[in-house]
Structures are given as structure tokens and as C-alpha cells.
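Letter by letter, the chains look like this.
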Amino acid sequence: MIPPIANRFVAGETERDVITHARVLDTEGINSICNLLGEHYDSPEPAAADRESYCALIEAIGEEDIDATVSIKPSQLGLGIAEGCFRSNLELVVERAAEQEVFLWIDMEDHETTDATLDAYTHHVEEYDGIGVCVQANLKRTPDDLRRLADYPGKVRLVKGAYDEPGDVAYREKSRVNEAYRECLEIMFAEFDGGIAVGSHDPAMIDDAEELHDEHGTAFEIQMLMGVREDAQHDLAADHEVYQYIPYGDSWLSYFYRRMMERRENLLFGLRALVGG
Ligand code: FAD
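Residues numbered from 1 in each chain as written. Predicted model: local features only at pLDDT ≥ 70, side-chain atom pairs only at ≥ 80, totals over all residues.

Looking at an unreviewed UniProt entry, one finds the chain named proline dehydrogenase and attributed to Halococcus morrhuae DSM 1307. The Cofactor (unreviewed entry) field of the UniProt record for the chain holds the comment "FAD". In the Pathway (unreviewed entry) part of its UniProt record, the chain is described as follows: "Amino-acid degradation; L-proline degradation into L-glutamate; L-glutamate from L-proline: step 1/2." (UniProt positions renumbered as here; feature names shortened; annotations may be inferred.)

Undergrad: How should I be thinking about the site of the ligand in this particular structure?
TA: The full set close to the ligand counts 23 residues, and Asp 107, Val 159, Ala 162, Ser 200 and His 201 are the nearest of them. Taken together, the elements giving at least two residues each to the shell around the ligand come down to strand 4 (131-136), strand 7 (220-225) and helix 10 (264-274). The class makeup of the residues in the shell around the ligand is 10 nonpolar, 7 polar and 6 charged. (Near = placed C-beta within 6 Å. Helix = DSSP H or I, 4+ residues; strand = E, 2+ residues; numbered from the N terminus. Nonpolar A, V, L, I, M, F, W, Y, C, P; charged D, E, K, R; others polar.)

Undergrad: Please explain helix 3 (residues 85-100) as it appears in this structure.
TA: Note: α-helices contain 3.6 residues per turn, so residues at a spacing of three or four share the same orientation. For helix 3, built from 16 residues, the straight-helix expectation of 22 Å at 1.5 Å per residue is met to within 8% by its first-to-last C-alpha distance of 23 Å. Just downstream of helix 3 lies Glu 101, where phi reads positive at about 55°. (Expected span 1.5 Å × (residues − 1).)

Undergrad: What is the right way to look at the pairing of strand 5 (residues 155-159) in this model?
TA: In the case of a regular strand, side chains alternate between the two sheet surfaces. Among the 5 residues in strand 5, 5 count as buried, and that is most of the element. Sheet analysis places strand 4 next to strand 5, joined by 5 bridges and oriented parallel. For Cys 134, the partnering residue across the bridge sits in strand 5 and is Arg 157. Following the chain from strand 4 across helix 5 (residues 142-149) to the adjacent parallel strand 5, one finds a crossover that is right-handed. Across 3 bridges, strand 5 lies against strand 6 (residues 196-199) in parallel orientation. Note on strand 6: the bridge partner recorded for Val 156 is Ile 196. Handedness of the strand 5-helix 6 (residues 174-191)-strand 6 crossover: right-handed. (Buried ≥ 20, exposed ≤ 12 C-beta atoms within 10 Å, placed from the backbone. Pairing = 2+ DSSP bridges. Right-handed = clockwise from strand over helix to strand, strands pointing away.)

Given below as C-alpha cells:
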């Protein structure tokens, strides 16, 4: 059972919890991206278990009349475990998503997984265009990746990048990452026909996307995490398509800890909740 303190960032431990949360959001005009927490397994069994959980989640979403999507992490489905493990697990999840017409996102992990993740995306998106992949503005390679991805159907989520990457492959200064994010947005709005997802809580990045939309006319959606700037999510939903990324599952503790530590105000929220304030 998830303690009330973590409920701000995580929907609960079960598929039912995430669907209940998605239903409420749907009534408020916000769409969902459901993510079962879990990553970096070192044997095929937990990856197969998560594959089955995702297939069940996709079927459950297929029975709902809400705009809910799913996001998986490659290492959770076996990337880096054994040759072919990720490919075969992803294949089954994509098949189920295509059957149920549920949109499937592929999160991006550290830079050593970028090639394998993009290869898997480009392989599957030609057959089922209800797939999207995340790319990270902090990686120096991303402008080239975006120009290549512009030729594919599907969607691309641009984020700043959550992994502590070495300086030879990534920008490490916050201001340089912000600059890179803007450069990537420019490429997307100029070269994509649509399918742009702005995965950021940063008002400056969202303003940039709005300006680029006015200039190029390309459609875009905004994606933010559960528990972060939720008031802004509701305000933005009046004029934009907004998706909330909703984690759930029993591995919630490390995710909750990361959210607590990334910003002073999150930590204060946690401490206040602990002392009952
Ligand atoms: P930051 O640079 O963290 O903050 C910029 C500004 O945003 C702040 O100055 C403030 O004005 C505002 N802000 C940010 N957080 C808060 C807050 N808690 N409260 C109030 N204001 C706030 N990373 C990956 O590497 N791979 C992924 O697959 C991935 N998927 C993601 C999916 C979604 C939907 C989102 C939103 C993020 C994802 N990320 C992913 C994480 C991402 O890379 C960043 O680490 C994270 O979003 C923080 O960057 P930011 O753009 O939100 O802004």
C-alpha cells in the first residue's frame, strides 16, 4: 500500500489504481500516459512479468472510453539482458497495442541504449503508427536523430534528459541544455508533419513551442508528470492537448525518492506531509 505522502507522484500499486486516476483526469480534459514502474532487470523473468502486465494494462485501457496511452522503459522489457529479449517482449506489447488501438510510448534511458531504442522504434512504427519515442535534448546527437525521425510516422517526445551523461556525448550545463532543447524544437516544428510532444514542465520551453506552432502551424501536445505543475496542466488543457505521465506499481519508492530530491519545493512538500502540516 502506497503511503499518502507518495500519492502525489504515483497513482497506486495496481492497474486498477492507474485506470481510476486516468478516468478522473479524462473528466478534467487531460489525457494519460500510464507507466508501470520498473527498470534495469538482470534476468528475463521480471522483464517477461512486466511485458504481461503491460499487455493486461493495454487490454484494460482498450475497454475504457478514455484517451489513455502507455509508456514502457526498454530496460524493463529486457534491453541489456540477453540478445533478443527486449525485441521479443516489445514485439508482443506492440502487437497488443495495435490490436487494441492503444498508443504506445517508448521512454529513453541512458545514452548507451539510444541506438537500440531508436532502432526498435523505427522498426515497429512502419507497421503500427500508434507508437512514439522519447529523445533527450541534452544528448549532442539528438538534432541528427530528429532529422532522421522526421521521415517516420508516429510521435516523438522531446525531454531535457534525466540521466547523468558524460561530457563527450551530452551537454551538462543547464543553460546549454535549455538552448539545445530550443534548437531541437526548431528542427521538429520545421521538419515534422505533426506528432510533436513537448515533455517539459518549463514554462519557457512551452512558450517556445507555442511560438514555433504559430510560425509553422505544426500541431503539438504537452506532456508533464503526475504531481508536477498540475495547476498548469489544467490551465494548458484549455488550449492544448495535455497528457499526464502517471507512474504506478510496487517499485514506487525509488521513483518517489527521485521526485523528492530533484526540487527543494518537492522535498518541503514531503517533509510537511511527514510532520502532518
Ligand atoms: P526543469 O529544467 O527541471 O525545470 C525548468 C523549470 O520548469 C523550472 O525552473 C520551473 O519553472 C518549472 N518546474 C520544473 N519542475 C517543477 C516543479 N516540480 N514545480 C514547479 N515548477 C517546476 N527523461 C528521460 O531521460 N527519458 C524519458 O523517457 C523521459 N520521459 C519523460 C516524460 C515526461 C512526460 C516528462 C515530463 C519528463 C520525462 N523525462 C524523461 C524527464 C526529463 O528528461 C527531465 O528530467 C524533467 O522533465 C525535468 O526537466 P523539465 O524540462 O521539466 O524542466
